Amino acid sequence: MANAQQTYTYPGELGDVPGWFPPLDQVLFTWFLDRQRTRGLTGDLLELGAYMGKSAILLGRHLEEGERFTVCDLFGGDAPDGANKAETAKSYASLTRQAFERNYLSFHDTLPRVIEAPSSVISSEVAAGSCRFVHIDASHLYEHVRDDIGAAREILLPEGVVVLDDFRSEHTPGVSVAAWEAVLNRGLRPICLSTQKLYGTWGDPSSVQEELLEMLRGRADCGLSVQHAAGHRLVRARSAGVRGPEFPKSRHYVAPPVEPVPASEPRRSSARRIAVDLLPPVITRAVRKAMTSRA
């Protein structure tokens, strides 16, 4: 009988990896990470909740020499409480660490540091003030998201960026409550909002917002609006046909076969065709028949 290794379909492109990582957020992740690199901001990367690895694969491409990338997920393991266990069973029954690692290694030579545990362990696993970018996409339950945000605040560098997934999805009200509570009461300052994610910092967002606005205004495939609420400037970006950034193919990519070009029929010159078409119908048919027999 075939085993999982034999029947598994390896991704050829990033889009082949299952998961919820829209092209707009791929563009924003890439922009924030590239900006950190060009400004000389170094630090580790952290993702809480990896699913099948789609966003982790993109994050791993931006890992610089001497930096560390940590991924934390239950991967089907024991949840810390009954509510989290029910959530995992309902939404992530197919998730396994093996599937994540296969997908990741399709694009990278080595794995990130993988912690197979609840996200509540992360404060004891990642040093305070060590990360420049944290992506939170683990449990959607309020208490867990609240604690993940608290851990991110400790772990991030002063200019670091935290990204909160599903902050306004109708099926994840716990994330919404935890996210806006952090903005109103815990010092988190929004940088921008996409359809799916909130990008924020505990530093000063003004300069990064100005640069982001300039980038977004230069894109015809991205809608943009700016609002103010509770003393915060909220930059809202939405896709208007955004395509994800160019990303290397996986080691398993197979180019589609080239379709053969059908042989074209001999074409008559325009002058000859017009001359024939101007003849009376009876003569036209005779001339075309003669031309066909000679061909």
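Refer to the structure printed above.
The following refers to the structure shown. (Residues numbered from 1 in each chain as written. Predicted model: local features only at pLDDT ≥ 70, side-chain atom pairs only at ≥ 80, totals over all residues. Heavy atoms only, no water.)

## A word on the packing of helix α3 (residues 54-61) against helix α5 (residues 97-105)
Viewed as axis vectors pointing N to C, α3 and α5 meet at an angle of 40°, and their least axial separation amounts to 9 Å. Taken together, the axes of α3 and α5 lie oblique to each other. As α3 packs across α5, the resulting crossing turns out to be right-handed. Two secondary-structure elements touch here, α3 through A56, I57 and G60 and α5 through F100, N103 and Y104. The residue inventory of the contact of α3 with α5, partitioned by class, reads four nonpolar, two polar and no charged. (Axes fitted to C-alpha atoms, helices over the stretch in contact; angles between N-to-C directions. Helix = DSSP H or I, 4+ residues; strand = E, 2+ residues; numbered from the N terminus. Parallel < 35°, antiparallel > 145°, perpendicular 65-115°, else oblique. Left-handed = near helix turned anticlockwise from the far one by under 90°. Contact = heavy atoms within 4.5 Å. Nonpolar A, V, L, I, M, F, W, Y, C, P; charged D, E, K, R; others polar.)

## Description of helix α8 (residues 173-185)
The end-to-end C-alpha distance of α8 is 18 Å, a good match for the 18 Å that 13 residues give at a rise of 1.5 Å each. Every buried residue belonging to α8 is among G174, V175, S176, A178, A179, A182 and V183, and all of these are buried. Structurally, α8 contributes buried residues whose contacts are with α7 (142-155), β5 (156-165), β6 (189-193) and β9 (232-239). G187 occupies a position one or two residues after α8 and carries a positive phi of about 85°. (Expected span 1.5 Å × (residues − 1). Buried < 20%, exposed > 50% of the residue type's maximum accessible area, 1.4 Å probe, protein only.)

## Details of the side chain of K197
Note on placement: K197 falls in strand β7 (residues 197-201). Only 2.6 Å separates the side chain of K197 from the side chain of D165, close enough to count as a polar contact. Setting aside chain neighbours within four positions, we find K197 in contact with F21, D25, F29, H135, V163, L164, D165, F167 and C192. (Polar contact = N/O pair within 3.5 Å; in protein donor to acceptor, adjacent residues only side chain to side chain.)

## Some remarks on helix α9 (residues 206-217)
Taking 1.5 Å as the rise per residue, α9 with 12 residues should run 16 Å; its terminal C-alpha atoms sit 16 Å apart, in good agreement. Elements in contact with the buried residues of α9: α2 (23-38), β6, β8 (222-229) and β9.

## Considerations on the environment of L213
Counting through the fold element by element, L213 comes out in helix α9. Judged by relative accessible area, L213 falls into the buried class, the value being 2%. Ignoring sequence-local partners within four residues, the contact set of L213 consists of L224, V226, R233 and V235.

## Quick look at the packing of α2 against α9
With their axes 12 Å apart at the nearest point, α2 and α9 run at an angle of 130° to one another. Relative to α9, the element α2 is oriented oblique. Note that α2 runs across α9; the crossing there is right-handed. Contact residues: L28, W31, F32 and R35 in α2; S207, V208, E211, L212 and M215 in α9. Considered class by class, the residues forming the contact of α2 with α9 number six nonpolar, one polar and two charged.

## Comments concerning the side chain of D148
Mapping D148 onto the fold places it in helix α7. Buried charge D148 goes without a salt bridge, the closest partner of opposite sign being R146 at 9.4 Å. Polar side-chain contacts of D148 include one of 2.7 Å to the side chain of S119. Apart from residues lying up to four places away in sequence, D148 is in contact with L48, S119, I136 and A138. (Lys, Arg positive; Asp, Glu negative; His and termini not counted. Salt bridge = Lys/Arg side-chain N within 4 Å of Asp/Glu carboxyl O.)

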